[in-house]
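# An overview of the molecular structure
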Amino acid sequence: MRIPLTALLSLSLLSAQDGDVGVVHAPLVPPSDSSEVEALDPPVGTSTPGEATDPARHGPSYVESMQAAIEREATREKEPEGYVHRMRNGARGTWTVPSRKSTRRALSGEHYATNKWGDTNMGLAFGAPVDLVGVWVAGQAEQPVWTSGLVVVGFRDGVEVARTPLFEEIGADYAWFPIDLEGVDRVEFQARAVHLGAGFYALDDLTFERAGERVVLTFDDLGWQEPLSGSDYGGIAWEEGSGDFEQDSYAIVRAPLSPPGNPDAADDDETGGETLLGGNGTLPSVGTSFVGPRIADNGAGWLPPDTHGAAGSAHFVSVVNQHMSVYDKATGVRLVNISLQSFFSTGGSAGDPRVSYDHFEGRWVVIASNFTSGSPAGCFLAYSLTDDATGQWFKTFVAMDGGSDSGRWCDYPLMGLDSNGIYLAGYMVGGSNRMSLFAIDKAPLLGNPPALGTVSAWRELPWEGAIQPCVTYGTPAGCYAVSRRSSTGLRLRVINPPLAAPTLTELGTVVVPLGSDPPSAPALGSTVNLSTVGTRLMNAVYRNGSVWTGHTIAKGMRAACRWYELDTATVTATQVGTVKDDELFYFFPGISVNANGDAVLGFTASSANMYAGAYYTGRLATDQLNHMAVPVSYKDGAGPYNSTQSGTNRWGDYSVSSVDPDNDLSIWTIQEYARVNNQWGTYIAELEFPTGCTGSAQNYCTGGLHSGGQTASMSQSGSRSIAVNAFSLEVSDAPANKTGIFFYGPNQVQTPFGDGFRCVGGSTFRLNPLIQTDALGGAARQVDFSLPPANAGNSQISANSTWNFQFWFRDPMGPLGNGFNLSDGLSVTFCP
């Protein structure tokens, strides 16, 4: 959704000396680091009453069957074949101010202009002769799509009068392009094509002289993603492009917005202190799995999908941008394929959707933003009358733009629930850089007839990317909400009942390891890296005194998935884990936790050598703290994905995982993957932990310092279930390219041996053959429980047995001169 143009003229009139080209503005201070915003934070323990919203502004409300919505879908005007709603469809490129997430860096202030879609021939008409002095130029978005050269052609009365030499100084930093065209009334910027016939660039501080006065257009009185083409901004007619270039086939949903002055930290958290890493968790297995919504399903002609879904008693419901599907959970058969426009009976947008199953009541709840700055602005809301997603629904509209949010609209809406209510949050775009949180009393929704209950609001909350209300299990005192206050802090709040007059209590900030803005993710065949959006939290779940949440961060110059378990009583972190890889980029994590405290994390993985695919990992409650299993794919990508608008390859905004309400144990996830022909798809999977598996893994003893100046460490991946038989031993930080072997035994000791210590005692068993560490000092060996060592006899690895493992390796240059050394020990208890 575009923000309306707020001004038509931005003129800096200078009485400057020759060579002055503009005014450089002081950089804005991000609110997360601002003492002013910190001063606005209420003290810990402060409870703030909610603002009662005007009931007359909500609605209309009504009850209808899914069948009625399906019949409406049948009459909805369908686009011609090959046409998808709001795609380019042969339209020209346009001049625009990029969105916040598509903005690389302005030269002065916050904004600049760019050639949307990378159109290679863009015009400006001045209406009368001017002297075009020059402009600052840089590459736009990702380097592979930056144009490598620009020529500006000047016209007077429709006739070409001059052109500049080819300007090739286009890179990450701005360079001054001295255009020096005198007496021209129109110009064309002609770019060299580099990607699918397109070439992207950024222009800032466009400088010209009109009637003896120097004018510098800084674009800083415009908003994010504001159109210039069709306007007379600066007294110029900003034209559409006329370049001949390829086009994307589908509409692109703009990236989630961030307010001015709120860039995420750019540093890599590898430099910000040690983060707990580990792959000793237990991997669940895939049960039922099936294809989810795909592009070109009814209403789903949008890029990216913004993947969301939830498991219910009989159905799995998925919503993506402008689309909803209902599946038979047991068979994967799709029962409903409908646009959200038809489901909500709206002729406009219904985007950034979310769905949850209300396990307290056996009902479904769906929301979507109407993406409008007109009144009312807010979210559509649907609440099913039973657990049957194909049955009757209560539908309404929640106006979120009242009070101090008047004239604003909701971007990136979030949703949580508990036994008392439904909770919404979002960034209210326009005006101050603030977020708002809403509580909806659930009791009237359960009435006969159902009705929308009291809606309370807390407005002007600091912008923190996303305030995630929790999907709540159990009956805590209220509904918890979590947000990323800073790169090292997560803020906890709680909404307290009764929801006829709720309060919001500030619980404090949980100190966590540094988590900074992730890089974009390369993918096989993708000319431009996939956008990873940033560090905003993806979803949140409350269970047994803990809030679980996750987001994408930078780790080792790659995107990685960070997850947290936060203790609500002590406002501290119980666990912090980072799921990363030395080659793959991991992003968009969705987390959930079951009745046993076992957790699943679903996300996207990609690399320069791999198409974007759907991945997952997990852990048992009894696993080593801060560890999840080594991730695996459950749906490989099938092709490249290229879809650029302002040079950004939009992949999505979030993903989610959810617990199956039937058993409260298996966890479902829905993730995106790349299909063929630059199309997205989604895949749904049920993930099951071994029944009754209470195995564990714990490091003990110490390794000796080796010739590389480190100590080797043991870990394990896969499942500790004997039945699953997918257990692997791993060692890291050993000397590179050295021969070694894993072995195990029944007892724990710490006896000097070689340059280190023997940590395994009693009768020991070698896991042949000898293996060699890699260039990073790592090695792994899968252990097949059905093929024990020849001398194991009755001492085989079996259910409920505990064994101790270690890695022996050669080290001829070791510090003590014994020629060999050992890792630390790993004690593992196996389950059935």
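Residues numbered from 1 in each chain as written. Predicted model: local features only at pLDDT ≥ 70, side-chain atom pairs only at ≥ 80, totals over all residues. Heavy atoms only, no water.

Right, let's talk about the overall build of the protein chain for a bit. What the protein chain contains, in helices and strands, is 3 helices and 55 strands. Pairs at least 24 apart in sequence give 68% of the contacts found in the protein chain among residues at least 6 apart. Accessible area of the protein chain: about 28,800 Å², with a carbon and sulfur share of 50%. (Helix = DSSP H or I, 4+ residues; strand = E, 2+ residues; numbered from the N terminus. Contact = heavy atoms within 4.5 Å. Areas by Shrake-Rupley, 256 points an atom, 1.4 Å probe, with all protein chains shown as cover.)

What follows covers the sheet that holds strand β43 (residues 667-674). One open sheet accounts for 4 strands, arranged β15-β44-β43-β42; its pairing is antiparallel. Of all strands in the sheet, those bounded by a partner on one side alone are β15 (285-294) and β42 (656-659). This sheet shows a mean twist of 25° between the axes of neighbouring strands, independent of strand direction. Two elements, β43 and strand β44 (residues 680-688), share 8 bridges in a ladder whose sense is antiparallel. Residue pairing across strands places Ile-667 opposite Leu-687, the latter belonging to β44. (Pairing = 2+ DSSP bridges. Axes fitted to C-alpha atoms, helices over the stretch in contact; angles between N-to-C directions.)

Another aspect to go through is the pattern of salt bridges. Where side chains of opposite charge bring their charged atoms close, a pairing between them can arise. One pass over the structure, following the stated rule, counts 25 salt bridges. The residue Arg-459 makes a salt bridge to Glu-51 at a minimum N-O spacing of 3.1 Å. Of the two residues, Arg-459 is situated in strand β28 (residues 455-462) and Glu-51 in strand β3 (residues 51-52); the sequence distance between them amounts to 408 residues. With a relative accessible area of 11%, Arg-459 lands in the buried category. (Salt bridge = Lys/Arg side-chain N within 4 Å of Asp/Glu carboxyl O. Buried < 20%, exposed > 50% of the residue type's maximum accessible area, 1.4 Å probe, protein only.)

With that settled, consider the state of the cysteines. Under the criterion given, the structure shown has 1 disulfide. Disulfide partner of Cys-701: Cys-759, at an S-S distance of 2.1 Å. Taking the sign of the torsion about the S-S bond as the criterion, the disulfide between Cys-701 and Cys-759, at about -70°, is left-handed. In this pair, Cys-701 is assigned in the loop between β45 (696-700) and β46 (713-718) and Cys-759 in strand β50 (residues 756-761), connecting sequence segments 58 residues apart. Comparing Cys-701 with Cys-759 shows no difference in burial state: the two are buried. The closest cysteine sulfur to the non-disulfide-bonded Cys-479 is located on Cys-470, 5.9 Å from its own sulfur. Looking at Cys-479, the relative accessible area reads 0%, which means it is buried. (Disulfide = S-S within 2.5 Å.)

What follows concerns the side chain of Ser-655. Within the secondary structure, Ser-655 sits in the loop between β41 (632-635) and β42. A distance of 2.6 Å separates a polar side-chain atom of Ser-655 from the backbone oxygen of Phe-588. There is a polar contact of 3.1 Å between the side chain of Ser-655 and the side chain of Gln-671. Setting aside residues up to four positions removed in sequence, Ser-655 forms contacts with Thr-307, Met-538, Phe-588, Pro-589, Gly-590, Gly-602, Ile-670 and Gln-671. (Polar contact = N/O pair within 3.5 Å; in protein donor to acceptor, adjacent residues only side chain to side chain.)

Right, let's get into the environment of Pro-304. Structurally, Pro-304 can be placed in the loop between β16 (302-303) and β17 (308-311). The class for Pro-304 is buried, based on a relative accessible area of 0%. Through-space distance from the C-alpha of Pro-304 to that of Trp-651 is 5.2 Å; in sequence the pair is 347 residues apart.

What follows deals with the environment of Leu-417. Within the element layout of this structure, Leu-417 appears in strand β25 (residues 409-417). A sequence separation of 22 residues divides Leu-417 from Ala-439, and the C-alpha atoms of the two residues are 9.2 Å apart. Setting aside its immediate chain neighbours within four residues, Leu-417 contacts Ser-356, Tyr-357, Asp-358, His-359, Phe-360, Val-365, Ile-422, Tyr-423, Cys-470, Val-471, Thr-472 and Cys-479.

One pass over the full model with this rule turns up 43 aromatic pairs. Taken together, a centroid distance of 4.7 Å and an interplanar angle of 55° make the contact between Phe-742 and Phe-807 tilted. Remark: Phe-807 occurs in strand β53 (residues 802-811) and Phe-742 occurs in strand β48 (residues 739-745); sequence separation between them is 65 residues. You can call Phe-807 buried: its relative accessible area is 0%. Members of the aromatic cluster, joined through ring pairs, are Phe-727, Tyr-744, Phe-765, Phe-785, Trp-803, Phe-805 and Phe-830. Directly above the aromatic system of Tyr-654 lies the positively charged group of Arg-354, at a separation of 3.7 Å from the ring centroid. Geometry around Tyr-673 places Lys-635 over its ring, the cationic atom sitting 5.3 Å from the centre. (Phe/Tyr/Trp six-rings, centres within 6.5 Å; stacked < 30°, edge-to-face > 60°. Lys NZ or Arg CZ within 6 Å of the ring centre and 35° of its normal.)

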